[in-house]
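Coordinate inspection notes
Below are the chains, spelled out letter by letter.
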Amino acid sequence: MKRSDIWQQIGLELQRAKKEHPNWPDHVVAQAATVSEEACELLKEALQMKYEKTDAATSIEAMKQEAIQTAAMAIRFLENLKEVNTDFSQQTQNNDRSN
């Protein structure tokens, strides 16, 4: 893939994701988990291709899509990083009560 095509696909995925899921989590852990979840799906596709011997063409296309989704979520993470809820005191208090 050409870099220009990659950026175009990431941009389209970012637009699609924002439309489908307009509310981005305000907690940094949930935001990072969203990025990580996409990266895990990419890893899953790679593992299936290597060890389950799935069809190479299908696996490569699936890996491309997961990589694009991971990149789009990483961009969304970075775009929203300044808006992260950093008030962890309430969460800490709630966790302390459960002990």
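The structure under discussion appears in the preceding block.
Counted under the stated rule, the structure contains three salt bridges. One salt bridge in this structure joins E13 and R16, with 2.6 Å as the shortest N-O distance. In this pair, E13 and R16 both sit in helix α1 (residues 3-20), three residues apart, roughly one turn of the helix. Look at R16 and you get partly exposed, because its relative accessible area is 37%. A salt bridge links K18 to E79, with the nearest nitrogen and oxygen atoms 2.8 Å apart. Of this pair, K18 sits in helix α1 while E79 sits in helix α3 (residues 56-80); the two residues are 61 residues apart in sequence, bridging distant segments of the chain. Here K18 falls in the partly exposed class, since its relative accessible area comes to 34%. By relative accessible area, E79 is classed as partly exposed at 31%.

What counts as what
- Residues numbered from 1 in each chain as written.
- Predicted model: local features only at pLDDT ≥ 70, side-chain atom pairs only at ≥ 80, totals over all residues.
- Heavy atoms only, no water.
- Salt bridge = Lys/Arg side-chain N within 4 Å of Asp/Glu carboxyl O.
- Helix = DSSP H or I, 4+ residues; strand = E, 2+ residues; numbered from the N terminus.
- Buried < 20%, exposed > 50% of the residue type's maximum accessible area, 1.4 Å probe, protein only.

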